[in-house]
Amino acid sequence: MQHDGSTTRPPRSPAASKPTLLYARPGIVVTGERFTVGRNSWRVADITQLWTTRGPHDRLALRAMAVSAALIGAVGVLLGFTGGLQRLTAAAYLTLGAVGLLPLLLVLVGDRWRPPPHELWGRVGGAEVLLFSSDDERQFGQVTRALQRAREGVRHGGWTDPLASQLWRPTR
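Here's what I pulled together on the structure shown here.

Cut-off values and rules
Residues numbered from 1 in each chain as written. Predicted model: local features only at pLDDT ≥ 70, side-chain atom pairs only at ≥ 80, totals over all residues. Heavy atoms only, no water. Helix = DSSP H or I, 4+ residues; strand = E, 2+ residues; numbered from the N terminus. Buried < 20%, exposed > 50% of the residue type's maximum accessible area, 1.4 Å probe, protein only. Lys, Arg positive; Asp, Glu negative; His and termini not counted. Salt bridge = Lys/Arg side-chain N within 4 Å of Asp/Glu carboxyl O. Core = buried A, V, L, I, M, F, W, Y, C linked by side-chain atoms within 4.5 Å. Contact = heavy atoms within 4.5 Å. Pairing = 2+ DSSP bridges. Axes fitted to C-alpha atoms, helices over the stretch in contact; angles between N-to-C directions.

Some details on the side chain of Arg-151
No. 1: Within the secondary structure layout, Arg-151 lies in helix H4 (residues 137–155).
No. 2: For the buried residue Arg-151, which engages in no salt bridge, the nearest side chain bearing the opposite charge is Glu-152, 7.9 Å off.

Quick look at the nonpolar core
No. 1: Ranked by internal contacts, the top residues of the largest apolar core, which has 18 residues, are Val-30, Phe-35, Ile-47, Leu-131, Phe-132 and Leu-147.
No. 2: No other element matches the five residues that H4 contributes to this core.
No. 3: Once you skip the residues sitting within four places of it in the chain, Val-30 turns out to touch Thr-20, Leu-21, Leu-22, Tyr-23, Phe-35, Ala-146, Leu-147 and Ala-150.

A short note on the sheet that holds strand S1 (residues 21–25)
No. 1: Judged by pairing direction, the sheet is antiparallel, and its four strands sit side by side in the order S1-S2-S3-S4 without closing on themselves. Of all strands in the sheet, those with a lone pairing partner are S1 and strand S4 (40–43), marking the two edges. The mean angle between the axes of side-by-side strands here comes to 5°, regardless of whether they run parallel or antiparallel.
No. 2: Running at roughly 150° to S1, H4 makes contact with S1, strand S2 (28–31) and strand S3 (34–37) of the sheet.

Quick look at the sheet that holds strand S5 (residues 47–54)
No. 1: Taken in spatial order, the three strands line up as S5-S6-S7 in an open sheet, and their pairing is antiparallel. Edge strands, defined here as strands with exactly one partner in the open sheet, are S5 and strand S7 (127–134). Each neighbouring strand pair of the sheet contributes to a mean axis angle of 25°, computed without reference to strand direction.
No. 2: Each of S5, strand S6 (118–124) and S7 is contacted by H4, which is oriented at about 165° to S5, the strand it contacts most.

With respect to the environment of Asn-40
No. 1: With respect to the helices, strands and loops of the structure, Asn-40 is situated in strand S4.
No. 2: Overall, the relative accessible area of 44% leaves Asn-40 in the partly exposed class.
No. 3: For the pair Asn-40 and Phe-132, spaced 92 residues apart in sequence, the C-alpha separation works out to 9.9 Å.

What to know about the pattern of salt bridges
No. 1: Following the criterion strictly, the structure yields two salt bridges and no others.
No. 2: The closest approach of N and O atoms between Arg-123 and Glu-128, which form a salt bridge, is 3.3 Å.

Right, here's the structure in full:
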């Protein structure tokens, strides 16, 4: 026990301290200085703008919708040319109307089954760059908030730990 108040370890300098970790999951790391996704890494200070969008719809759902719309249209044209539309009953017209809604139903089910991804875009060095994309809304929100906090830290002069800068030690 030392009576003069000194510690056994020398104080750490701010330059030697680790960067503030704001978010870390496999493949995604956000610190107060860098944003890393997979093999891509950007300095937070170089990211000047951020915005979010939704990505494209699922290609399988769009293809299924296009094919079903084409088939329904082809059946309608064939019935029109053969004169079959005049011989249909009211129930057949209702069935055709319900089947006509099939493409819309396929798009809605496709968006529910495989929703468009959330995309985080930013401007880095004057170019628009897709920084991050995820199907998981919760993870996307966490990464977006962490990157916004990192940008605020850079804007306000860096991260400091107020508790570490003013350590209170009792006198013994």
